[in-house]
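# Structural overview for review
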Amino acid sequence: MTQERYNPQAIEEKWQARWRKENAFASTHESDKPKYYVLEMFPYPSGNIHMGHVRNYSIGDVVARCKRMQGFNVLHPMGWDAFGLPAENAAIKHHVHPAQWTYANIDNMRAQLQRLGYSYDWSREIATCRPEYYRWEQMFFLRLLEKGLVYRKKAPQNWCPSCHTVLANEQVIDGLCWRCDSRVEQKDLTQWFLKITAYGDELLADLSRLEGGWPDRVLAMQRNWIGKSTGAAISFGLEKSIGGVRGIEVFTTRPDTVFGVTFMTLAPEHPLVEKLIEGYEKAGDVRAFVERIRNMDRLDRQSDTLEKEGIFTGAYALHPFTGQRVPLWLGNFVLADYGTGAVMGVPAHDQRDFDFARKYGLPVRVVISPEGRQLDPQNMTEAWTEPGIMVNSGSFDGMPNEDGKKAVAEALDKDGKGKATTQFRLRDWNISRQRFWGAPIPVIYCEKCGVVPEKEENLPVLLPLDVKVRDDGRSPLPETPSFADCACPCCGGPARRETDTMDTFVESSWYFARYTDARDDKAPFKPEALQYWLPVDQYIGGVEHAILHLLYSRFFTKVLRDLGFFPKDLAEPFTNLLTQGMVLKDGGKMSKSKGNVVDPTEMIKKYGADTVRLFCLFAAPPERDFDWSDSGIEGASRFLARVWRLFTEEEARLLPLNACGSSAEDADSGESRDLRRREHLTVKKAGEDMGGRFQFNTAIAAVMELVNAMYLSREKLGRSEAERRVFSSAMATVLTLLSPITPHLCEELWERLGHTAQLAAEPWPQWDEAATAQDMLTVALQVNGKLRGTLEVPAGADKGALEQAALADPAVQRHTADLTVRKVVVVPGKLVNIVAN
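A quick note: this is a predicted structure, and the numbers were derived from the prediction, not measured. (Residues numbered from 1 in each chain as written. Predicted model: local features only at pLDDT ≥ 70, side-chain atom pairs only at ≥ 80, totals over all residues. Heavy atoms only, no water.)

## Brief notes about the packing of helix H19 (residues 609-618) against helix H24 (residues 743-753)
Stated formally: Only C-alpha atoms enter the line fits that serve as axes; for helices the fit covers just the stretch in contact. Angles between N-to-C directions range over 0 to 180 degrees. Each helix is a run of DSSP H or I of at least 4 residues and each strand a run of E of at least 2, with the numbering of both proceeding from the N terminus. Oblique is the label for every angle not falling under 35 degrees (roughly parallel), over 145 degrees (roughly antiparallel), or within 65 to 115 degrees (roughly perpendicular). Note on definitions: a residue-residue contact is assigned when non-hydrogen atoms from the two residues lie within 4.5 Å. Residues are grouped as follows: nonpolar covers Ala, Val, Leu, Ile, Met, Phe, Trp, Tyr, Cys and Pro; charged covers Asp, Glu, Lys and Arg; every other residue, Gly included, is treated as polar.
The interhelical angle for the contact between H19 and H24, taken along N-to-C directions, is 125 degrees, at an axis separation of 7 Å. Viewed along their axes, H19 and H24 adopt a mutual orientation that is oblique. Of the residues in H24, those touching H19 at Ala609, Asp610 and Arg613 are Pro743, His744 and Leu745. Its residues assigned to classes, the contact of H19 with H24 comprises three nonpolar, one polar and two charged.

## Here we look at the environment of Leu578
Counted only if it meets this: When a residue's accessible area, from a 1.4 Å probe over protein chains only, is under 20% of the maximum for its type it is buried; when over 50% it is exposed; and in between it is partly exposed.
Its place among the elements puts Leu578 in strand E27 (residues 574-579). A relative accessible area of 9% means that Leu578 is categorised as buried. Not counting residues within four places of it along the chain, the set of residues in contact with Leu578 comprises Ile59, Gln538, Tyr539, Ile540, Gly541, Pro622 and Phe694.

## Some thoughts on the packing of aromatic side chains
The condition is simple: Stacked, edge-to-face and tilted are the three classes for Phe, Tyr and Trp ring pairs, Trp counted by its six-membered ring, which pair at centre distances within 6.5 Å; planes under 30 degrees apart are stacked, over 60 edge-to-face, the rest tilted. Should the NZ of a Lys or the CZ of an Arg lie within 6 Å of a ring centre and within 35 degrees of the ring normal, that charge is described as sitting over the ring.
Counted by the stated rule, this structure contains 42 aromatic pairs. Taking the centre distance of 5.5 Å and the plane angle of 85 degrees together, the rings of Tyr120 and Trp122 count as edge-to-face. When the ring of Phe312 is compared with that of Tyr316, the centres are 5.6 Å apart and the planes differ by 70 degrees; the resulting orientation is edge-to-face. For Tyr316, a relative accessible area of 23% corresponds to the partly exposed category. Members of the aromatic cluster, each reached through a chain of ring pairs, are Phe263, Tyr280, Phe312, Tyr316, Trp329, Phe333, Phe356 and Tyr360. For the cation-ring pair, Arg653 lies above Phe727, with the distance from its terminal atom to the ring centre recorded as 4.7 Å.

## With respect to the domain arrangement of the chain
Applied cut-off: The split into domains, and so the bounds of each, comes from an automatic or database assignment of domains.
As far as domains go, the chain holds domain 1 (228-424), domain 2 (628-772) and domain 3 (776-836). Between domain 2 and domain 3, the C-alpha centre-to-centre distance is 36 Å.

## Here's the deal with the pairing of strand E1 (residues 35-40)
As a general feature of sheets, a regular strand has side chains that alternate between the two faces. Heads up, the rule is: Two strands make a pair as long as DSSP finds a minimum of two bridges between them. Here the term right-handed applies to a crossover when the path leading from its first strand over the helix to its second strand runs clockwise, the strands being oriented away from the viewer.
For E1, the tally of buried residues reaches six of six residues, placing the bulk of the element in the interior. Burial along E1 is two-sided: Lys35, Tyr37 and Leu39 and Tyr36, Val38 and Glu40, pointing in opposite directions, are all buried. The pairing of E1 with strand E2 (residues 73-75) spans three bridges and is classified as parallel. Considered in E2, the bridge of Tyr36 is made with Val74. In this fold, the crossover linking E1 to E2 by way of helix H2 (residues 51-69) has right-handed handedness. Here E1 pairs with strand E26 (residues 536-541) via three bridges, running parallel. Looking across to E26, one finds that Glu40 is bridged to Ile540.

Structure follows, in structure tokens:
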């Protein structure tokens, strides 16, 4: 008899065609089932999926399929993060239009994802570059502008000279552009900002809602990025008023040290610098310092290891309590857009200020003294930053410094020179991009009317697709009259459109909500669909988005709630977050330059989609990195071939049962009871590992053990109807537990087993506690702690029976001959230890 070979290509294409024809995984909010929304972060359409995609989407697909089998109404959508720098740069490189590049890549990647058999509701597919998507984004912009949550200002910005655009602070990684790795420069530009800082307190407080559902390190990264500090704003009057400005405000977390201020440090980019140095004989040196420092890496300037540099401006401020002159310096460690762009220097109680003062010979004044001793500022080798008693601080002398923080802030408030306040590290989000491939910002500039928002009824403001994209990356929109020139919506006169486009992260900040009602052309969302589906129950994606995308999505959820688009009780977009590890090759990240890329398409051609999915899920727990292994995927392929062979060789004796479909009466022999017990234990373990912990690798290992047990037992089991039922039930359980992981193979064999309904629609199997009970146990026998044998005993044997059986065992008697038994230690179900001498 010729063995029927496992042909994954034919099987997989058959079932994928059937799923497409039946729209098998479509969902609706009009259901009385409990909902479950599982979502993987949508991809940028690069043209080809990579192994990181396969791992991410395989994890999500297993969750979606498991939840359907557990009785949930599952939403599992897919779309494309299609605007932005990556697509535009790639299109320029390949000498094609970004739209042509993007849509061709979407078609290719959709086919690749479908070839992997993912259970997406493709009727909800979106692409952020389509006008029917970004029209709503433009409407959100106008509503935010109306509420004062969008504004325009001129300030130093992160500029990528290679990409010819500004970058948000979050898009500068170690001083480099997040996409092209070019060194980021500072450039003065007028840009549009979203006022994310208005939600700083809520963004920080609501992280507590996510504890237990999000990884601790992601929560820590967001807390650090938001960076709330409590302290006081203090105004230092200028010795001479400058252009109507009479003082400089600083923020400090240590108002208790204000009497220790011996200098102030301003950011080189501070707007008052030119006025401060006017007429100063060393103004040229100051300007040279400013030019050099403003082009330094922003992160370097905030680093603890940065060598602190400064220069005196020749100007002075006045101390708010003493009226003493305080020299104004510039420092490379102060940033213009962090806080007020000015800090007070307290060298005796801040190590950075101490180092700066020693370097430039500035005074050190002790104002916090440890209890029981005094500090000599001349002999100090480091700043005193511990708690203590206030000294040299006027009326506050003798006060514990922690009490002094509040007292000083209250005194400042009373005198109108400051107040208690908080500050965030978080900066407002710059969303202007000087590139073509993005959503146009719906604003018009009129010489008569000023900045004018486009009328909502005129949306979308279409991105023209008939322009030629520049090879150097600069946007052609400013020089495209058909786009830039327009009529003012207010006066009807000649006007000009905003030619900046929106940051691509704006699109990805609300896409998860559009999936709930992706085809509505009258509104961005259907309220009842949002109310039913949101929040996302399980979100899956890389930890690299911990700050950028995840923070922005949280912000947009709160903003759209307050604008009336989202339900009032919706505080967070994603209840649970899984950050999957990377797929490595030879210990390193896969990249073309390293020549270590594994192509999923080639792997599918060679092994089939089910094998690729199985290996990606079996190689490691989902949150950990794993190294691609050729032997590993070979092993996954052999296992599926083993399942196929076991089924086809035993097909004649198999009955169309469901998982755990045999009864206790069917298990009428020791061998059949053992197989049934292992079947139910496997269902228990796989259900726990896949359902709650997402430990797919251990669940797969448990199924592999069950398959091994079936191979060992099939010859021992007779051909009685009862034993056929036990074996058939175990086979059905293998297919059911594997079906979320390797759906094509399992659907094929399920159909051949005689079932008419698809396996994907079957309920998740329920294990029986009674079936897991063991008839006999193997107990270790020890004499004086050394293993001397084993004993087969009934599972329910008590201590007395175990002791008697152990003492009667020939091996024990041989090792205790001529010895006196002093004690017998019994650990039921595990061991018996005889102590003798």
